[in-house]
Amino acid sequence: MLLYNKALDPYHTLLRIISIIIFGHIKEIESERLRIFDFITANPSHIEKMTLGQSLVIERNAFGKYRSAYNNFDPQILFESMKPIQQAAVSCLIEMSVLSKLENTTRLHVNYSMIPTELTAIVGDSHNSIPKDVISFIKEHLISLELLGAKGLKKASKLMEYKYDVV
C-alpha cells in the first residue's frame, strides 16, 4: 500500500510554514521553534501527546480527532525525517527574501512584503489543507511558550533534546 505523508512533501511544508508565519503574526522566530510548529501542523494529533499542563487538557485532547491508523509513525523519527525538507523550505524562503537569518543567532526574521500574493491567497483560502484549529492553538498557546528549559516547547513537544540547552 502506498501512503502519502504531507509531512514529507516539500510543497506542503512550504505552505505550512507560510501559514504559521502569516496566521501566527510572526515577526521573528527560532528555527527550532518553526520546525516544531511545522511538525505539529503536519501532525495535529501530536498536540494530544504534549505535556502542556492541566489548564490545556481539554484543548489538547480535542486534537485526538486527527489520529489516523494509516499515519502511525514514531514522532521523533518522523520529526528528524522532516528536517532536510524543512531546511529546504526555509532556504527557499530565504532565497525569496521572505525570511532572513539574524546574525549570530538561530532566529529568522520575516519580511511580509516579500511573500508573493499568490502564496498569500492560497494560505488564505478556506479550502486549503492547513488545519486552522492547529494554527489557532499554536498562536494562542505555543508561541508565547519558552523554547528552552524544563517548561519549554522542546520538552513539551518531546521532539527535541532539551536537557543540555543553555537557558
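Up top is the structure.
Residues numbered from 1 in each chain as written. Predicted model: local features only at pLDDT ≥ 70, side-chain atom pairs only at ≥ 80, totals over all residues. Heavy atoms only, no water.

Help me understand the packing of aromatic side chains, please; the structure alone is not making it clear to me.
This structure, assessed with the given rule, holds 3 aromatic pairs. Taken together, a centroid distance of 5.7 Å and an interplanar angle of 80° make the contact between Phe39 and Phe79 edge-to-face. With Phe39 in helix H2 (residues 31–42) and Phe79 in helix H4 (residues 75–95), this pair connects stretches of sequence that are 40 residues apart. Considered together, Phe39 and Phe79 belong to a single accessibility category, that of buried residues. For the pair Phe63 and Tyr66, a centre-to-centre distance of 6.2 Å together with 15° between the ring planes defines the contact as stacked. Overall, the relative accessible area of 29% leaves Tyr66 in the partly exposed class. Grouped by ring-pair contacts, the aromatic residues Phe63, Tyr66 and Phe137 constitute a single cluster. Sitting over the face of the ring of Phe79, Arg35 holds its NZ or CZ atom 4.1 Å from the ring centroid. (Phe/Tyr/Trp six-rings, centres within 6.5 Å; stacked < 30°, edge-to-face > 60°. Helix = DSSP H or I, 4+ residues; strand = E, 2+ residues; numbered from the N terminus. Buried < 20%, exposed > 50% of the residue type's maximum accessible area, 1.4 Å probe, protein only. Lys NZ or Arg CZ within 6 Å of the ring centre and 35° of its normal.)

So what exactly am I meant to see when it comes to the packing of helix H1 (residues 10–23) against helix H6 (residues 132–142) here?
Helix-helix packing is characterised by the crossing angle of the two axes and by the distance between the axes. Two numbers describe how H1 lies on H6: the axes approach to 10 Å, and their chain directions differ by 50°. In this view, H1 runs oblique relative to H6, as classed from their interaxial angle. Seen from above, H1 lies across H6 with right-handed handedness. Contact residues: Ser19, Ile20 and Phe23 in H1; Lys132, Ile135 and Lys139 in H6. Its residues assigned to classes, the contact of H1 with H6 comprises 3 nonpolar, 1 polar and 2 charged. (Axes fitted to C-alpha atoms, helices over the stretch in contact; angles between N-to-C directions. Parallel < 35°, antiparallel > 145°, perpendicular 65-115°, else oblique. Left-handed = near helix turned anticlockwise from the far one by under 90°. Contact = heavy atoms within 4.5 Å. Nonpolar A, V, L, I, M, F, W, Y, C, P; charged D, E, K, R; others polar.)

I keep staring at the sheet that holds strand S1 (residues 28–30) and nothing clicks. Help me out?
With antiparallel pairing, 3 strands are arranged side by side in an open sheet as S1-S3-S2. Single-partner strands in this sheet number two, and they are S1 and strand S2 (99–101). Each strand axis lies, on average, 30° off the axis of its neighbour in the sheet, ignoring direction. Across 3 bridges, S2 lies against strand S3 (residues 107–110) in antiparallel orientation. Bridge pairing in S3 links Leu99 to Val110. (Pairing = 2+ DSSP bridges.)

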